[in-house]
Structure formats: structure tokens, C-alpha cells
Amino acid sequence: KQEVTQIPAALSVPEGENLVLNCSFTDSAIYNLQWFRQDPGKGLTSLLLIQSSQREQTSGRLNASLDKSSGRSTLYIAASQPGDSATYLCAVTNYGGATNKLIFGTGTLLAVQP
Amino acid sequence: NAGVTQTPKFQVLKTGQSMTLQCAQDMNHEYMSWYRQDPGMGLRLIHYSVGAGITDQGEVPNGYNVSRSTTEDFPLRLLSAAPSQTSVYFCASSAIMNTEAFFGQGTRLTVV
């Protein structure tokens, strides 16, 4: 059974720091991995989608990498801002079957201090 | 540009009551799904649909029912609410396999 783990559960950094969030998964047979952002009391917003054949994706100050063989992904946030404060979730879609079922980690709560 | 719309945003139910959580998307997505989010448990899949007329169970389907009569709508029915169903419920949609998922704003349900 696929299990997704995110470490640390919470992180506090001063504004301007570069930071890395970690996501690991136990079964490397995945279609893709997505990183989401969730603000308090809100829904999830997709940040980056990495296909299983890709190594990384970039969007603005965000860069996500994927190493399927080791079951790891990282989300790199450059020059963090207070507006980046949120919970960051990663989710994988397993290989096999014609569905987009997402298996989520429990998230990393990020606080960027001004 | 509505995306995925969920109603209601908040609901309080008494044990044993039934209700329907509504979900609608305007992006013509084939795939729709329902998740519940609980502290320390992350998001877990309740039911999903790969197109109109096709539904299947996810990880935690007990106590919930779904149907998909149109591409746009995917309601979630609680048959007889229990306190264990107190949670935040999210509806999501995506176009086809291997594409990003879009989520609604969630329904916070409390069962007393």
C-alpha cells in the first residue's frame, strides 16, 4: 500500500530564506506527483505537477524535483515571503488503473516570519 | 471562471440525519472525486467517478453514497450521519489521467 510522508510537519523561517520541503513515498510505481498549497479554511491549490518521466518542474520561485527510484520529492521555495505561509501537501497517483486517485501526505505547515 | 463549487460551506447535523453535499465543476472534466480531511490523517478518498454514470469506492466509502448523472455534478450523500463523519469534505476534478487536480473550497461538517 502506497504511503506518503512529509517531513517536517511544521517549519518556521525568517523572510528571505530559501527552504526545502520534503515528501517521500513507499511505492515508486507512480504516474505523477503533485504539490499543493492549502491556506487556513480554504481548498487546495495545485502548485506543480511532475510526471513520472520528469525530474523537475519550475514555476516562479518554486522548484519541485522527483527521484522515483529513491521515492523522494522536494519542493524548493526561493526567497520566502510571509505570503508563502500555508500548509504544503504532496500527493502521488499510483501506476495502474484509469483513474486520478491521489494519495496524500499529511502536509508541512510553513510559517514565514516577517 | 468558477472552477469547482461546493455547497454548503458549513453544516451542522444531528446524528442520524441525512444530507447531500453538492459539487459542481464547469471545466468539462471527466474525473471527479470526494475527499475528507481530518487532523493527523491527511486527505482520504471517499468515492470517485471517471465519467457520467460511472462511480467507484475509494479508501473510506462507508456511510456515503454518490451518483454521477451529468459531467458537471457529483453530489455526496450522507445516509445516516454519525459523529465520526465530522470532517472537512473536498470535491476535486481533473481532465484526464496525469493532469492537475482542481479542488473546491470545502464543506466543514459537524455531526452532533
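Relevant structure appears above.
On a predicted model such as this, the values are computed, not experimentally measured, just so you know.

A. Up close: the overall build of chain B. In terms of helices and strands, chain B carries zero helices and 11 strands. Seen in sequence order, chain B has helices and strands lined up from the N terminus as β-β-β-β-β-β-β-β-β-β-β. The C-alpha radius of gyration of chain B comes to 13 Å, within 12% of the 13 Å expected for a compact globule of 112 residues. C-alpha extents for chain B along the principal axes are approximately 35 × 25 × 25 Å. When the 112 residues of chain B are sorted by exposure, 46% land in the buried category.

B. A look at the overall build of chain A. Along its length, chain A carries zero helices and 11 strands. When the helices and strands of chain A are read in sequence order from the N terminus, they spell out β-β-β-β-β-β-β-β-β-β-β. For a compact globule of 114 residues, the expected C-alpha radius of gyration is about 13 Å, and chain A comes in at 14 Å, within 12% of that figure. Reported as C-alpha extents along the three principal axes, the dimensions of chain A are approximately 45 × 30 × 20 Å. Residue burial in chain A is summarised as follows: out of 114 residues, 43% are buried. Restricting to contacts in chain A with at least 6 residues of sequence separation, those with at least 24 account for 55%. When the accessible area of chain A is evaluated, it comes to approximately 5300 Å², of which 49% is carbon and sulfur surface.

C. Representation of the nonpolar core within the structure. Residues and elements named next belong to chain A. Phe25, Leu33, Trp35, Leu75, Ile77, Tyr88 and Leu110 are the most contacted members of the largest nonpolar core, which has 22 residues in total. Secondary structure elements with two or more residues in this core: strand S3 (19-25), strand S4 (30-38), strand S5 (44-51), strand S7 (62-67), strand S8 (72-77), strand S9 (86-94) and strand S11 (108-113). Excluding its chain neighbours within four sequence positions, the residues that come into contact with Phe25 are Gln2, Glu3, Val4, Ile30, Leu33, Leu66, Asp67, Lys68, Gly71, Arg72, Ser73 and Val92.

D. Here's a closer look at the interface of chain A and chain B. In this assembly, 23 residues from chain A lie in contact with 22 residues from chain B. Buried area between chain A and chain B, summed over both chains or domains, comes out near 1800 Å², and the portion from carbon and sulfur atoms is 54%. Taken together, chain A and chain B are joined by one salt bridge. Here Lys1(A) makes a salt bridge to Glu59(B), at a shortest N to O gap of 3.9 Å.

E. How the structure looks around the pairing of strand S6 (residues 56-59) of chain A. All names here are of chain A. The pairing of S6 with S7 spans four bridges and is classified as antiparallel. Looking at S7, one finds that Thr58 is bridged to Asn63. Hairpin remark: S6 followed by S7, antiparallel, with two residues in the connecting loop; positive phi at Gly60, about 60°.

What counts and what doesn't
Residues numbered from 1 in each chain as written. Chains lettered and ligands numbered in written order. Predicted model: local features only at pLDDT ≥ 70, side-chain atom pairs only at ≥ 80, totals over all residues. Heavy atoms only, no water. Helix = DSSP H or I, 4+ residues; strand = E, 2+ residues; numbered from the N terminus. Rg over C-alpha atoms; globule rule 2.2 N^0.38 Å. Buried < 20%, exposed > 50% of the residue type's maximum accessible area, 1.4 Å probe, protein only. Contact = heavy atoms within 4.5 Å. Areas by Shrake-Rupley, 256 points an atom, 1.4 Å probe, with all protein chains shown as cover. Core = buried A, V, L, I, M, F, W, Y, C linked by side-chain atoms within 4.5 Å. Buried area = accessible area lost by both parts, 1.4 Å probe. Salt bridge = Lys/Arg side-chain N within 4 Å of Asp/Glu carboxyl O. Pairing = 2+ DSSP bridges.

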